[in-house]
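# Structure at a glance
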Amino acid sequence: MKNIPSRREILQHSANGFGLLALSSILAESVRLGRSEARGATDGKQGDQVPPGTGLHHPAKIKNAIFLFMDGGPSQVDTFDPKPLLLKEHGKPFPASIDATQFDQNGTSFGSPFQFAPYGQSGLIMSELFPHLSKLADDLCIIRSMKSEFSEHSQACMFLHSGNPIQGRPSLGSWVGYGLGTENKNLPEYVVINGGLLPIGGPENFSNAFLPAIHQATIFDAFGGGETVSNITPAEPLSVQRAMLDFVRQHDRRFLAESEGLSTGEQWVESAIKNYETASAMQLAVPDLVDFGDETSETHALYGTSSNDPLQAQYARQCLLARRLVERGVRFVEITCVKGIRFIAPWDDHDNIEAGHRKNAKVVDQPIAALIADLKARGLLESTLLVFAGEFGRTPFAQGGKGRDHNPQGFSIWLSGGGIKGGYCHGATDEFGYRAVENVVTMHDLHATILHLLGIDHERLTFRWGGRDFRLTDVHGNLVRDCLA
Amino acid sequence: MDARHNRGTRYVRTSFPLTPIVICIIAAVPGENFGHAAQEPSDPTETTLSSAIATQSEYFETHIRPALHQHCLACHNENKPNGGLALDSRKGWTKGGDSGSAIVPGKPDESLLIRTIRHMEPGLEMPAKVPKLDEGEIAKFHRWIEQGAFDPRETPEPIRFGERSSESEAQWESIAAQRAKWWCWQPLPTLPIASEIDVYGSQAIDAWIGRKLSEQGILPSPKADRRTLIRRLSFQLRGIPPSPNEVDDFLNDCSPDAWQRLIDSMLSTDEFAEHWARHWLDTVRYAETHGSEDDAYLPFAYRYRDYIVRAFRNDIPIDRLILENLAGDLVEPRWNESDGINESLIGLGFYRFVEFNQTPVDVKREEIVVIDSQIEAIGKAFQGITISCARCHDHKFDPISDEDYYAIYGILRSTRTGLPIIDRPFPFAQTEETLSKLQQRARSIAAIDWERDIASWPSEIEQSIREVQSHWTPDTKWEELEKRVSTDRWTKAIGKWVCNPRDSKLAPLGRLLIASDSKEFKRQTIALEQAIRSDIAPLELPPETTKLLFDLTSPRGVNNTAESHPLDDWRIQGFGLPTAPLGTATRWSILGSAADPFSLLLEPGYHSNLYSDRASGSLRSPDFIVDGEAISILCRGTGNARVRLVMENFQGDSLLFDTVNPNLNSNSYQWVTMTIRPQWRGLRAHLEFLTRDAKPYIGIVKDPNGLNASDGRSSFGVAKAIMHSRGLRLQAPNAIPLELVVSDPRSTSAWIESIVRISSAAIGRMEKEAPHPTDASWLNTLISNGLLRGNLDSSPERKQLVDEYRVVESQFPVPRRSPGVYEDDLALNQEWLSRGDHKQPRAPVARRYLNVLGSKDSDYPSSQSGRLVLAREIVAPNNPLTARVYVNRVWNWLFGEGIVRTVDNFGRMGESPSHPELLDQLAVEFMKNGWSNKQLLRAILSSETWQRSTMESPIAHEKDPGNRLWSHASVRRINAESIRDTMLFVAGNLKRPDSGLGTANYYRQVFEPNKQSPPGPIDGNGRRSLYLEVRRNFPNEFLLAFDFPRPSAPVGKRSSTIVPTQSLALMNDPFVIHQSKRWAERVVRESPSDATRINAMYQSLLNRSPTPEELASAEQLIQQLSASNAPELAWTTLAHAMFNLKESIFVR
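All of these numbers come straight from a predicted model, not from anything done at the bench. (Residues numbered from 1 in each chain as written. Chains lettered and ligands numbered in written order. Predicted model: local features only at pLDDT ≥ 70, side-chain atom pairs only at ≥ 80, totals over all residues. Heavy atoms only, no water.)

### A look at the confidence of the model for chain B
Residue and element names in this part refer to chain B. Predicted confidence across chain B gives a mean pLDDT of 86, with 91% of residues reaching 70 or more. Below a pLDDT of 50 lies the segment residues 1–50, which in the model reaches 57 contacts outside its immediate sequence neighbourhood of four places, other chains included. Here residues 557–565 is a poorly scored stretch, pLDDT under 50, and it has 13 contacts once near neighbours within four places are set aside; other chains count. The complex prediction reports pTM at 0.85, with the ipTM value standing at 0.81. (pLDDT = per-residue confidence, 0-100. Contact = heavy atoms within 4.5 Å.)

This is the structure in structure tokens:
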């Protein structure tokens, strides 16, 4: 058994702020479990060589990830997966066997109402829905062979976020934070920029579950009119708060000094004292973060923060905030969809795919293209991964007349950024765009690949809880090497 | 060990070729080979060369094959060669893995296998993720390789992953036998555990702890001071600090039993019961919603919470509590005399704290989710083992097979989800008789009344016909006609019939009454006959498209045999429901709140309201396989009663399932058609009819306060059900007797005469209780059309009768219910699912509990689920786990760590006890003391060990840095609830006493207004955190920040983190500010000066006076802030500061 970290060691870690602070609690937990390898990143071959808490399993390609969650499930055959045969068969009975769909209102084959064309030097084929994004086709790696297991939103969302269909497992962002921590002691490691719509299933999609609480997502509500982050606004005028905290600090020091012994528990008291410095710093860092006053008008224009379309303008601000977070060293940022097109899951176009998808694409196209361009211009794209994905795709046959039902059997997502092969298209669905048939990529594969880019071996990032070593990918997951640069 | 090694090598150096004969010998007597497994290897010096081959193979079979199975093959087999290495055949290891060959025969020290199991290869410590093998086992591998690594396995051997064979079965038995040697499976010894330690209770604790400490040369820390002790005790037992008075009393109490009395007084408080109930709730994953998209509400979950509080207050034996959680419906009831409820039934809520998807495409998968959660909870909460690991394959570390898993699954699958009534059974029999008599009187009174009515019909009808004739044309709307005609009852009835042909099947009757030519007479007569006959039509459809599921109007019942009782295979749950269908009889239902109490005569079929619509419960059909495209049920209901199709125990009712869960709000029989989705074909299902309050699942409920507002009135009736193909149009029965069709249809007077005659005859038969099958429906038709009077004011006799009826009926309680399960005398074995895949069912596994605990399927009755047997096996005194797990939990709650640190896992992946004898002694004494929680607490709290100070001696720090030997106490952060409750307590806002429906959490961000309940009050109405709602999708943010556990799985030990979110919460959370303000107000109100106020604050929050330095600094803060702010702000800020002190949340 390893020795308990010394008190001084713990204090050093605590002083280093948000991310490393977690380390002390993790190590403590490991020691309590009598196992030094509870944290995967510090176990194994490199366990002793790699400084704990910064340990990577292999050199990382990226430092940050931005997850653009396309809530409700965009249709693959209307966005990134052109299917001429489907168009030809339009209106005829769907020729292949159909799995149970959620609404069981399966209609005929439904060709895409959108035009597809090749873009960029790579000639990546995309639909007309993304006029801005298509200009950056050479930066995108489209995966056309995604497969999920669940055709209902809540389970599919939870599966996308945590690799498991029901609550109780840590989300991807939590695992990343657990593995890597943050580089900014004044900001959390995992931030969700809430556009007004959380994935179906609620905030538990971002749960740390059994991982230490520090790895829970912090939900930023920058645009809802409330507090940006819960409890970030000082309850008293700052001068009063300062007086109060001075009193607390004096008192706490005495409390600690009085009980100065060698008891391990005192270390936790001291960590708790240190946390107040971090918390105070956060109170200042967050308002500064969400104040866009220092952005140029060119940047604002690029994102479209003043767009006539209020939904697009809001999404633009979310994307800009994501860049600011990444700039400040926040590891994992998720952007959720804006409320307004629908009250839940905006891409969930059961009734009218054409009208619905046009609205949805318009909201996100320019802001996301701007985010990529902006990151690139600042040299951040090479250390940042963008993931554009919904929880599933949609059926190539109609639901009713003009809509599409859920389809987890085959759908498209894209990746962009560091370590990613740009202008590349991976995998394929069948000729109707229904099932992934070539180089199928599962949710676990996607997770494994994201972790890999961050320098983490998905099989070795584990946490022991309730008698089992858990990992994000459970017992599954293979790297999608073809997509890596 | 090394010596034995060396001796071995002298004699056996070479590997021997495999001979077929050896294989045969081995295969023929596997039992004998494995029978030696537990023995040490025979001394090799006795081995002769001539028996070398046999010895080699015996050695492999005895030591190596079982060890490979136990430790290696799960991850290193042909199908799953981790690191490229397969060890399930000789070829496999010869080929080696990614890191090269694993075994070099004859050269153990060069073999990677030996290096990895000796943990000499960083990153490749094997077996992965479990403690290192013991030296004896390593030595066996060493010796085996040294001797040439004899391995008879030419082809990969079966490893019981996927399909079964007799060979793999035998291997599993051998592995399980090996694994069953782990400490937790060993029987508990008897007392005394050791002859030199024959003391008991707290003395035994100190003796066992003292023994190890002295072995290590560690002196235990001294006892903590009294002030520290009472504070520690109060937080550990009650979750709030002691009051200043309590502290003073204890400090001034010099009697020798002061500590004992303090413990006893705290143990007798409600606060103790509440704080400890929460520990239990952690371990059973208590929650009030089901999570997933809808976060559907689990009604009355809080009753379980309150039940646990009462159980801890009254020190209900823990074995009894477990028994009630698992089989509270099957054991002798435990009556709560003051409330008149059966406590045992409330325990069943344990099964209901599950998350499931409420709109799945695949319902069987959802049954697995639910039952898996139940199995996981039974295993972890009560047994400290991870049974659910064996769902897809045999457990990788423990002696639990996937057959064990499906044997338990069958028990739970045979258990039905319900909402049991917890009241004392109402003595219904006498009431039933009185009500029957009243109903009989009602018939006579109505008959007299109606005969009088009918006498005037002929002239009324003639008059009405003339009126309608003169105003009606084929396109007249009733709204127009209504204005032109009189309000006579027949005029209104006929007018409506003829104007609304689509809405009323009585249209032909109306049309022919007003017909003026023979052609129209003929046309409408045919239409009328068709309408009458269409009611019977569905059952005359071809059998290939239509199947009768049941017919409760037939005296022969569903089984179509004259002998069987019509409800033989049906189950009735509830209160006041009849035990049999009505058959062909007609009965009054005197309805509840309706202004027309006589408005319903019950038609043939089963009716929940045969006596009263305050009867509450459910009727469940036998199981059937869903193999049609639709199911139609002829039924009726009032007050949001429901019929639901329950497939594979699936409970949801939203989105995809709304068509199979319709509410029933029609007083007359209607055909209710459920469309069957293709993916449901082939599923096992039953139909269930429920009065409103009996629904075990109620979907999204934003404000559960409404649930209690029920007057209890709801009813259902059911006649028959058919399964059929799509497209079948079923007409609601029109309730016109065929006799009405007259022989000479061309005369209006003949029709009038017929109506009068038929109605009069029906009334006569109704009175004599000898009705024809259609009498009741015809009379109901007349009543509902206002042609016969159902209302109270029609006669004083009616009113008097109804009043009498109400008096009797008012004695019925509105039953209280609690989430639970029902036993249905239905035993279904679950098929073993290959790799846990429900699409690959294999042979059914007989129900039983764990094989390793000696459970036998023959003890499980074929007519019951087996839950009772399961529960009894779990609480049996010879179960080696139950008592150990519980006493270890208690130790953990009191010390912050268990004697076994992995409190929820005693298996191989968990840890061994630091003090095994102590654990056993506590467990045995615990059982001897009647599984008394309070006794156990008294023993531990009285020990020196628990009362030690937190100061750690240098030698202890050096030799035992993790304090595994308990030389001192640990500083601990109080839990989330205690932090919040303490604020309420010192501010004087804690609501006492408390129970009942949880209060909604306060949220600043409402994420999903459609599903989230509206935010609750900031201070939660002053209720302890225990009484705040536990919603899965929207947990309480404040509590969550301080490690309040999520209810997704049992949590025996909460994590204890220190994160900045906690600082932010204490600095800025509205609740904290709110309580600071309240506390400040209280202090200012109650104490006169700054100094006394500050002193009072220190006394109540920290249980001590401020030091002069502290007093000065607090006074300075007050003065500083008062200078430029309102005085209230100063005191509020001091109160707020106090809540932020580490001393207030860390307890020594």
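### Here we look at unusual backbone geometry
Cis geometry is found at the peptide bond from Met126 of chain B to Pro127 of chain B, where omega equals -10 degrees. Along the chain, the position of Pro127 of chain B falls in the loop between α6 (112–117) and α7 (135–146). Geometrically, the link from Leu191 of chain B to Pro192 of chain B is a cis peptide bond, its omega value of -10 degrees lying close to zero. Inspection of the secondary structure assignment puts Pro192 of chain B in the loop between α8 (166–179) and α9 (201–215). Located in the positive-phi region is Ala209 of chain A, a residue other than glycine, with phi close to 50 degrees. Following the sequence through the fold, Ala209 of chain A ends up in the loop between β6 (190–193) and β7 (218–220). Phi angles above zero are rare outside glycine, and Glu648 of chain B is one such case at about 50 degrees. On the secondary structure map, Glu648 of chain B appears in the loop between β12 (641–647) and β13 (663–664). On the accessibility criterion, Glu648 of chain B (6% relative accessible area) is buried. (Helix = DSSP H or I, 4+ residues; strand = E, 2+ residues; numbered from the N terminus. Buried < 20%, exposed > 50% of the residue type's maximum accessible area, 1.4 Å probe, protein only.)

### What about the pairing of strand β4 (residues 124–127) of chain A?
Residues and elements named next belong to chain A. Alignment of strand β3 (residues 116–119) against β4, held across four bridges, turns out to be antiparallel. Paired with Pro118 across the strands is Ile125, a residue of β4. Counting the residues between successive antiparallel strands, the hairpin from β3 to β4 contains four residues, one of them, Gly120, with a positive phi of roughly 70 degrees. (Pairing = 2+ DSSP bridges.)

### Observations regarding the pattern of salt bridges
Applying the stated criterion across every chain, the model contains 100 salt bridges over all chains. If you follow the salt bridges from partner to partner, you end up with Lys364, Glu367, Arg413, Arg416, Arg620, Asp623, Arg644, Glu648, Arg684, Glu688, Asp824 and Glu831 of chain B in one network. (Salt bridge = Lys/Arg side-chain N within 4 Å of Asp/Glu carboxyl O.)

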